[in-house]
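Here is how the chains run, residue by residue.
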Amino acid sequence: MTSSMRIILVGPPGAGKGTQAKRLVERLGIPHISTGDMLRAARAAGTELGVRAGELMDKGQLVPDEVVIGIVEERINQEDAKTGFVLDGFPRTLPQARALDAALLRNSQPLDAVVQIDVDDKVLEHRVTGRRSDKDGNIYHTEFNPPPTGLEVIQRKDDTAEAIKSRLEKYWSETSPIIPFYEKKGIIKKIDGLRQPDEVTYDIIAALS
Ligand code: AP5
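Remember, predicted model here, so these are calculated numbers, not experimental data.

Thresholds, definitions, all that
Residues numbered from 1 in each chain as written. Predicted model: local features only at pLDDT ≥ 70, side-chain atom pairs only at ≥ 80, totals over all residues. Heavy atoms only, no water. Helix = DSSP H or I, 4+ residues; strand = E, 2+ residues; numbered from the N terminus. Contact = heavy atoms within 4.5 Å. Buried < 20%, exposed > 50% of the residue type's maximum accessible area, 1.4 Å probe, protein only. Arc of directions from axis to C-beta. Polar contact = N/O pair within 3.5 Å; in protein donor to acceptor, adjacent residues only side chain to side chain. Pairing = 2+ DSSP bridges. Axes fitted to C-alpha atoms, helices over the stretch in contact; angles between N-to-C directions. Near = heavy atom within 4 Å. Areas by Shrake-Rupley, 256 points an atom, 1.4 Å probe, with all protein chains shown as cover. Nonpolar A, V, L, I, M, F, W, Y, C, P; charged D, E, K, R; others polar. 1 Å grid on protein atoms, 1.4 Å probe; cavity = no way out; pocket = protein on both sides within 12 Å on 5 of 7 lines; lining within 4 Å. Points joined across faces, edges and corners; volume = space filled by probe spheres on them.

A. How the structure looks around the side chain of Asp159. Looking at the secondary structure, you find Asp159 in the loop between strand E6 (139–141) and helix H7 (161–175). Filtering out sequence-adjacent residues up to four positions away, Asp159 remains in contact with Val128, Thr129, Arg131 and Arg167.

See below:
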């Protein structure tokens with residue numbers, strides 16, 4: 001099924017944005033646009049931007065607005081994103097939200113929904129420090145969703161107890177103010193992210209339909 005939906009997933013680090021984005025894009029046939037993944041790819045490619053971004057990411061700091069806004073504007077103007085997308089990890093500040101609004105207005109592409117995945121801060125450190133991923137970007141958890149035996153997996157450099165503290169601080173100080181911004185537009189859908197992944201997917205699909 002191909003949909004023309006434009007969706008943002010917002011939530012603290014470890015809320016399940018990446019996990020749910022993968023399920024939604026399969027179901028809706030629209031691209032997954034993750035600024036975290038794009039920045040990690042730039043870092044792996046060794047570009048100047050990627051190296052600079054990587055240093056900030058490892059410390060749990062945000063990459064400057066102008067950098068990520070530029071990356072996202074370029075990506076949403078690509079052909080496959082013309083009919084829709086799932087944005088994961090962007091916008092993460094009010095200036096990013098305003099820049100996205102302006103870019104979508106220029107293209108006459110309104111947002112359909114902002115899915116807010118709520119998870120208590122107390123469980124996030126355990127989720128994030130147990131996360132592993134494979135070379136295809138599939139996400140696992142050492143306890144909740146262990147990778148198949150023999151599969152080579154990696155742990156992200158920012159998935160440490162120390163980095164998660166500053167990532168959470170950034171979420172509450174810089175990112176959470178975008179929620180009232182979208183509430184005023186009437187497009188926020190609040191989802192309980194503490195349920196099983198399948199139940200969370202079910203709730204998101206129900207909220208979008
Ligand atoms: P990014 O890659 O976007 O990371 P994040 O927002 O911190 O989110 P995570 O990827 O950690 O978590 P998630 O919500 O996707 O959870 P997941 O599904 O993996 O950003 C990384 C960094 O890049 C930032 O800190 C910043 O430096 C930079 N950056 C990126 N975008 C930026 C921007 N716009 N502006 C500035 N800087 C930017 O799940 C986590 C774990 O929990 C997994 O192990 C999973 O298996 C498990 N899990 C998932 N759902 C459930 C469930 N329902 N029950 C039990 N376990 C679950």
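So, next bit.
B. Seen up close, helix H6 (residues 121–129). Buried residues of H6: Leu124, Arg127 and Val128, and no others. All buried residues of H6 project into a common sector of 90° when viewed along the axis, lining one side. Packed against the buried residues of H6 are strand E5 (131–133), E6 and H7. With a side-chain oxygen lying 3.0 Å from the backbone nitrogen of Lys122, the N-terminal cap of H6 falls on Asp120.

C. Layout of the sheet that holds strand E2 (residues 32–34). If you trace the five strands from one edge of the open sheet to the other, you get E2-E3-E1-E4-E7, paired in parallel fashion. Since the sheet does not close on itself, it has two edges, and those belong to E2 and strand E7 (188–192), each with one partner. Put simply, the sheet's adjacent strands are angled 20° from each other on average, direction ignored. Each of E2 and strand E3 (85–88) touches helix H2 (residues 35–44); the most contacted strand, E2, lies at about 65° to it.

D. Molecular detail of the site of the ligand. Around the ligand, the structure places 34 residues, and the nearest of them are Thr19, Gln61, Arg92, Arg131 and Arg167. Interatomic distance of 2.6 Å between a side-chain N/O atom of Thr19 and an oxygen atom of the ligand. Gly89 has a polar backbone atom sitting 2.9 Å from a nitrogen atom of the ligand. Taking 1,000 Å² as the accessible area of the ligand by itself, protein coverage stands at 95%. Looking at the shell around the ligand, the elements with two or more residues in it are helix H1 (17–28), H2 and E6. Here the shell around the ligand gets four residues from one element, more than from any other, and that element is H2. For the shell around the ligand, the residue count by class is 13 nonpolar, 12 polar and nine charged.

E. Up close: the layout of surface pockets. For the second largest pocket, the calculated volume is near 190 Å³. Considering the residues around the second largest pocket, the lining is formed by Asp101, Ala102, Leu104, Leu105, Ser108, Gln109, Pro110, Leu111, Lys185 and Ile187. Residue composition of the lining of the second largest pocket, grouped by class: six nonpolar, two polar and two charged.

F. Broad picture of H2. Burial in H2 covers these residues: Thr35, Gly36, Leu39 and Ala42. Seen along its axis, H2 keeps its buried residues to an arc of 125°; they face one direction. Against E2, helix H3 (48–58), helix H4 (65–76) and E3 lie the buried residues of H2. Looking at the residues trailing H2, positive phi occurs at Gly46, about 75°.

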